[in-house]
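Chain by chain, the residues run as shown.
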Amino acid sequence: MTTPASATPANPVTGRPEWRALQDHCEQIKGRHLREWFADDAGRGERFSASAVGWYLDYSKQRIDQHALDLLLVLARASGLEQRIAAMFRGDAINTTENRAVLHTALRAPAGTPLVVAGHDLTPEIQAVLSRMQRFAECVRSGRWLGYTGKPIRNVINIGIGGSDLGPVMAYQALRHFSAREINFRFVSNVDGSDFIEATRDLDPAETLFIVCSKTFTTIETLSNARAARDWCVQALGDSAAVSRHFVAVSTNAEAVTQFGIDPDHRFGFWDWVGGRYSLTSAIGLSTLIAIGAEPFAALLAGFHAMDEHFRSAAWPQNLPVLIGLIGLWNSNFLAAETQAILPYDQYLLRFPAYLQQLTMESLGKSVTLDGQPVNYATGPIYWGEPGTNGQHSFYQLLHQGTRLVACDFIGFCRSLNPLGDQHQWLMANLFAQSEALAFGKSAAQVLAEATPPALVPHRVFPGNRPSSTLLAEALSPQSLGALVAMYEHSVFVQGAILNINCFDQWGVELGKALASRIAAELSAPAEVAAIDAHDSSTAALIRRYRQWR
Ligand code: F6P
């Protein structure tokens, strides 16, 4: 959706002269091909790039010129981005619909950096939880934490969903190379019992530790799986006292944790100013800490922090999160790209696209402004993706020759953690080749010159001019992963600030939850009591069919 030309001047986003200027400029340049831009400017590849905190960003293959970038920077300034960044780091309640501060950046600030919010220094509490996490993780890793029957822990299962799952599973997969191989790590999230059953079927309860992660400790999926885990454990070990050796919780809700039966001393807390999708560096990262140990975990936090500082202080033309955010806005709101593909050329980043999906789509999937006014512009592109090269043999056909414009982010590392013959070279050759093919394509004249039968020419033409950025780092490490995640976190913030939406609430998940609770009761109630007909005819028919067939 592009912005209607009739946007009222009063509109705080599309009514801005800076927004209008960008629309006008976009009209002028959107017909230009990347081939022309590169032909006109031999230095484009180097000039449209920036690097910081070990990451190199090449955005020269975006359909953008210097003037568009300058206008975007002006728009960001006019939108108050600078003030909003300051407000976030300061601890203002910028999550206005929940009246909460947004301080995930405080979680990774080095010890001894005071952060006083409402007269209260948050740092000592943050560091105290981190120290407890470190001690506990060390106990589990060293085999000193014993299960109820005296056996050391060999399996760690994280139970959680959304931000209480995607961060832990993404980080574990990403950092598996650095993990304690003598411990199995598994992640259960879905309320579908198959998730729990498959995760536990070959495990010994006496050697299994559950980390129940839930900010609210009210989430149906997580509590259902936690109850299943408790039953599985108590049944096998024959005593409910076993829970205390096999369960820990990560939650802000101390009361609910205790009610569930988890020892209050085995709760790792965090705070309402940490959003679920921004919680990886809170105690939600406990499974990651157990997996990789204290020093690499500190390096992960340091990577996050270095990117936080870069975001806060670097000049915007060289500021990676600002650039990524502005390019995202350009593609989505001016070039009308509806989706953004995340294409990591690293098997360890298997779950990174799914992680970014929650981060970006829960944050930016809003249709009212901070003041509750309906927006008249696109928000929240659809994020999706797969690690390369698998995607190449699946959906890249559409990226190259389909009718839709898909913006792509390629992510790669110059050194492999698992060198195997020349395979890393092939992996990276594919990354570079794909971005080149997307940008430059292959014209009909080139195809014809290859002696292609004329009837086949249209089928073999690649239009090119498909925008992409490439992010490169030397190697995947805790530090580079932390910086990468923080880079995307802040790029979301940049987009949210300019679009004037709240990227820290998620009211859109509530209705489905409420309806599911009501329907769950109707699925189990006797036919004469279940108020099925109160639903619309489609939902009622589905419920009846389910009751008949189950
Ligand atoms: O339903 C969405 C959501 O609220 C996410 O924002 C959150 O990460 C997830 O559920 C899990 O919530 P909790 O950690 O409270 O169980």
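In the block above lies the structure referred to throughout.
Quantities reported herein were computed from a predicted structural model and do not represent experimental measurements.

Participant: Please clarify how the site of the ligand should be interpreted in this entry.
Facilitator: In the vicinity of the ligand, 14 residues are found, and the nearest of them are Gly163, Ser164, Ser214, Thr216 and Thr219. At 2.6 Å, a side-chain N or O of Ser164 approaches an oxygen atom of the ligand. Separating an oxygen atom of the ligand from a backbone N or O atom of Lys215 is a distance of 2.7 Å. Protein burial of the ligand: of its 390 Å² of free accessible surface, 87% is covered by the chains. Partitioned by chemical class, the residues of the shell around the ligand number two nonpolar, nine polar and three charged.

Participant: Even after reading the chapter, I still don't get unusual backbone geometry, so can you show me in this structure?
Facilitator: Glycine aside, residues mostly have negative phi, and peptide bonds are mostly found in the trans state. Residue Thr389 follows Gly388 across a cis peptide bond; omega there is 5°. Checked against the element boundaries, Thr389 lands in the loop between strand 11 (382-385) and helix 17 (396-401). Positive phi, close to 55°, is recorded for Phe217, a residue that is not glycine. Examined against the element boundaries, Phe217 turns out to sit in the loop between strand 7 (208-213) and helix 10 (220-237). Of note in the backbone geometry, Asn500 takes a positive phi value of approximately 60° without being a glycine. Of note, Asn500 is situated in the loop between helix 21 (478-499) and helix 22 (510-524).

Participant: Is there a simple way to explain the pattern of salt bridges in this structure?
Facilitator: For side chains bearing opposite charge, pairing can occur when the charged atoms are close. According to the stated counting rule, one finds 22 salt bridges in the structure shown. A salt bridge links Arg186 to Asp202, with the shortest nitrogen-to-oxygen separation between them at 2.7 Å. Highlighted residues: Arg186 in strand 6 (residues 184-188) and Asp202 in the loop between helix 9 (193-200) and strand 7, separated in sequence by 16 residues. For Arg186, a relative accessible area of 22% gives the class partly exposed. Of the charged contacts, one joins Lys513 and Glu510 as a salt bridge, the two residues approaching to 3.8 Å between their closest N and O atoms.

Conventions and cut-offs
- Residues numbered from 1 in each chain as written.
- Predicted model: local features only at pLDDT ≥ 70, side-chain atom pairs only at ≥ 80, totals over all residues.
- Heavy atoms only, no water.
- Near = heavy atom within 4 Å.
- Polar contact = N/O pair within 3.5 Å; in protein donor to acceptor, adjacent residues only side chain to side chain.
- Areas by Shrake-Rupley, 256 points an atom, 1.4 Å probe, with all protein chains shown as cover.
- Nonpolar A, V, L, I, M, F, W, Y, C, P; charged D, E, K, R; others polar.
- Helix = DSSP H or I, 4+ residues; strand = E, 2+ residues; numbered from the N terminus.
- Salt bridge = Lys/Arg side-chain N within 4 Å of Asp/Glu carboxyl O.
- Buried < 20%, exposed > 50% of the residue type's maximum accessible area, 1.4 Å probe, protein only.

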